[in-house]
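Structure at a glance
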Amino acid sequence: MAEFEPRILAICCWWCSYGAADLAGTGKMEYPTSVRIVRVPCTGRVDPLHVLQAFQDGADGVIVAGCLKDGCHYIDGNVKAEARVLRLKEKLKAVGLGDERLEMYFMSAAQSDRFVQAVTGFTERIVKLGPSPLRR
Amino acid sequence: MSETVRIGVFVCHCGMNIAKSVDVRAVREYASTLPGVVWAEDNEFTCSESGQKRIREAIKEHNLNRVVVASCSPKLHELTFRRTVSEAGLNPFLFEMANIREHCSWPHYHQREKATEKAKHIIAASVERARWLEPIGKVSSPVKASALVIGGGAAGMHAALSLADYGFDVHLVEREPILGGRMLQLGKVFPTEDCSTCMSPMGLRQHRRCLCNAGVLTNPRIRTYTSSRVKNLEGYIGNFKATIQTRPVFVDAQQCITCGECEKVCPIEVPNQYEGGLRKRKAVFLPHLHALPYSYILDPDSCSKCGECVEACPTMAISLAREPAEANVEVGTVVVATGFDEYEPRGLLGYGEHPDVVTQQTLASMLDPSGPTHGRAVRPSDGSVAKCVAMAQCVASRDPKSHAYCSKICCMIALKHAKSIKEREPDTDVTVFYKDIRLPGRNYEDYYYDCQRLGVRFGWGDVVSVTKADRGLELTVSKGGGGTENVGADLVVLSSAMVPSKDTEELARTLGLSLGSDGFFAELHPKLAPIDTRLDGIFIAGGCQGPKDLAETLNQAEGAASRAAILMAKGQVEMDLTKAAVDESLCIGCANCVYACPYKAIEMTSSGVARVIEVACKGCGICAAECPARAMELRHFKDQQIDAAIDGILREA
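Overview of the structure. Bear in mind the structure is a predicted one, so any value in this text is a computation, not a measurement.

Moving on, we get to the overall build of chain B. Regarding its fold elements, chain B presents 17 helices and 34 strands. Once the C-alpha set of chain B is aligned to its principal axes, its extents read approximately 90 × 65 × 45 Å. The 653 residues of chain B split such that 49% are buried. Residue pairs in contact within chain B that sit at least 24 positions apart in sequence constitute 69% of those at least 6 positions apart.

Once that is clear, we can look at helix 5 (residues 112-131) of chain B. When the terminal C-alpha atoms of helix 5 of chain B are compared, their 29 Å separation across 20 residues agrees well with the 28 Å that a helix rising 1.5 Å per residue should span. Burial analysis of helix 5 of chain B places 17 of its 20 residues in the buried class, the great majority of the element.

We now examine the environment of alanine 497 of chain B. All names here are of chain B. Examined against the element boundaries, alanine 497 turns out to sit in the loop between strand 27 (491-496) and strand 28 (498-500). Take alanine 497: there are 25 C-beta atoms within 10 Å of it, and that puts it in the buried class. For alanine 497, the residues in contact, after removing those within four places along its chain, are Tyr343, Val395, Ala396, Ser397, Ser402, His403 and Ser407.

Let us look at unusual backbone geometry. Residues and elements named next belong to chain B. The peptide bond linking phenylalanine 190 to proline 191 adopts the cis configuration, its omega dihedral lying at -5°. Of note, proline 191 is situated in the loop between strand 8 (188-189) and strand 9 (194-195). Residue proline 293 is reached from leucine 292 by a cis peptide bond, and omega for that bond is 0°. Here proline 293 is to be found in the loop between strand 15 (284-285) and strand 16 (297-298). Backbone geometry at lysine 408 places phi at a positive 70°, although glycine is not the residue there. Considering the arrangement of structural elements, one finds lysine 408 in the loop between strand 21 (388-395) and helix 11 (410-424). Although it is not a glycine, asparagine 443 adopts a positive phi angle of roughly 70°. With respect to the helices, strands and loops of the structure, asparagine 443 is situated in the loop between strand 22 (429-434) and helix 12 (445-454).

All names here are of chain B. Taken in spatial order, the three strands of this open sheet run 24-25-26, and their pairing is antiparallel. For this open sheet the edge positions go to strand 24 (462-468) and strand 26 (484-489), each flanked by a neighbour on one side alone. Ignoring strand direction, the axes of neighbouring strands in this sheet form an average angle of 25°.

Residues and elements named next belong to chain A. The contact between helix 1 (residues 17-26) and helix 4 (residues 112-129) brings their axes to 8 Å, and the two run at 95°. As the angle between them shows, helix 1 and helix 4 are arranged roughly perpendicular. Facing helix 1, whose interface residues are Ser17, Ala20, Ala21, Leu23 and Ala24, helix 4 presents Ser112, Arg114, Phe115 and Val116. Here the residues of the contact of helix 1 with helix 4 sort into six nonpolar, two polar and one charged.

Attention shifts here to the pairing of strand 27 of chain B. Along strand 27 of chain B, six of the six residues are buried, which leaves the element largely enclosed by surrounding structure. Of the two faces of strand 27 of chain B, both are covered, the one formed by Leu491, Val493 and Ser495 of chain B as well as the one formed by Val492, Leu494 and Ser496 of chain B.

Of the residues lining the interface, 36 residues belong to chain B; the matching set on chain A comes to 35 residues. Looking at the side of chain B that touches chain A, the elements that each hand over two or more residues are helix 4 (101-105), helix 5, helix 16 (622-626) and helix 17 (639-650) of chain B. Looking at the side of chain B that touches chain A element by element, the count peaks at eight residues for helix 17 of chain B. In terms of residue class, the side of chain B that touches chain A is made up of 18 nonpolar, eight polar and 10 charged.

Conventions adopted
- Residues numbered from 1 in each chain as written.
- Chains lettered and ligands numbered in written order.
- Predicted model: local features only at pLDDT ≥ 70, side-chain atom pairs only at ≥ 80, totals over all residues.
- Helix = DSSP H or I, 4+ residues; strand = E, 2+ residues; numbered from the N terminus.
- Buried ≥ 20, exposed ≤ 12 C-beta atoms within 10 Å, placed from the backbone.
- Contact = placed C-beta atoms within 7 Å.
- Expected span 1.5 Å × (residues − 1).
- Pairing = 2+ DSSP bridges.
- Axes fitted to C-alpha atoms, helices over the stretch in contact; angles between N-to-C directions.
- Parallel < 35°, antiparallel > 145°, perpendicular 65-115°, else oblique.
- Nonpolar A, V, L, I, M, F, W, Y, C, P; charged D, E, K, R; others polar.

Here it is as structure tokens:
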């Protein structure tokens, strides 16, 4: 059986993680092709319903990636996003999807290495978990 | 969607940058099958003039009302293509970019097949999103023709004078009772070696002027608030409301004739902080020979309220019953120029333990000809002139355990002082212990040669301890590789780090600005917007943004004044309406958005629904995610638009 190829959505904020992903590209730093990036102005814009939409659309895992804790372009949008992600993880656990398929990461626009580590590590985790129960 | 969506997709080869690892033609063919796409083509370089021309032609030929360009990061060319489509008559926000270079062809350059599939996902996301894009208009708002300048040191005074020259009213707020800031305590300043008090705002148009004649206090456009702080700032670019709080000022500067009668009768004596504590002062005193305003001041912290001075004053300028005052001002722009402090190296290298271990700032006071020791470097322990001076560089700077950054100006300060001492007292021994000597400014390297010529010695090594010896002090210098050397000195001068001035954190909270990890105010971009901040209309200048010498400080102050003046001269700001909007019919009046907004850009109307102050909104969308009724939307990143991108990118190609 061929290795399971997950579908991973990375919701990236425009000011930091999107730039970190750009920089990873510029530096030809490799990471799994399963990572698909959608842009938002700030992770504070991310409504839990967007994440649920992604799982409904067949995502095996969702990353929310924002600025460093004290470096949010919009002061504290990333902190608000983190609170929502933590609450949502509990709910995903309760409905049987598990709390490991959603994760929040923090990085500056200069931290391409952090972006690559985050998406690579998360992809490995999802490969181990297997396809989302919603896709089976 | 009232009109039929007609999307054109333009896939860029970017030479080989994309085409090498993505099958551009396969991607174009896939794009042409996506719903809503009526035209798809591929171009060698879509951003080139010929590529942009193709977009404009295709819009006309195929009656396109949405455009997707699949090429590099939108950080590079989103604005380029927005302009292109608007030249062809489309609203610039009916354009969407698919990042198939930075996010695809480059990181996956070894995996052509998979990269091609991923490029299809990315384009599908952009096409889906494009279907839901809406035209975005502009909003404009007036900018008041007055500025608030916070900090009355070199940067603040210079900015205030420039703004007044431009013809704008200025409110200048200074924490201390006198203007001048750190500059007053520098003695002579490099590289021209004039007195720092003469270095205050001048500019070519005014020629050189003394601080006491700088014109800040007499300029009819500048209103100065000394002993004051900005207690509150509300509003947004063009329309700020500031509350300025002034501590009680017990001596009326208008009535004080500086006769000194008050000082004679005052029974209190404390060290004078304006002279490095080298001389005593009374509780009522003249803080500086060049004090601006030129008036005695009364320090309430040391005053015993005996009332002797009140009796002695011949002009009845003193009253101990004065109250704090508050003023509310409305301004269009703000310049923050709150400067830096010298780090107090207590506990380091004998500072605070041995009186003859001082900092460069204290030495600057000594070397000031009008200062407490009349220009001579003396040992504070007995007042004798120092015969052997040792300086230690990089104290609490370039040290990850305290301040990791280079304080930048201490090398020049040390050399300036070493040179002054040798010029005045050639027999005095001066040694500078350093790790690196950094003199990158224009004409600054000359100081190094001057010092060598005058006999200043440079010792490479890190001073690790200063202890009391039989005669004077003994320094232990680490020479690297485990070797140490012991050196005697009778005056040790520490070149201590430059740190943000003490109220920086509080002011950052009041203004809503962010600080860097070093504690200084953060600029919007280190190269492209070094004077701007995260808040439109608020600018930073001088030492509050990081260690700087006077030349750089005045440069930046001029820049900040100019940035503020541009806004005020235009008289209004225009911005894209990529901002939050409320659907009043859905709003339940919970006010969650009001509390969540980091910019105070949402208010509740009298009818109990939320209202967005569009000029203050920065477009983060936090409110939209917090809204439990989905009544709040962020234009250009509406729920539908984000969901469409997610649907598109997760779809199997």
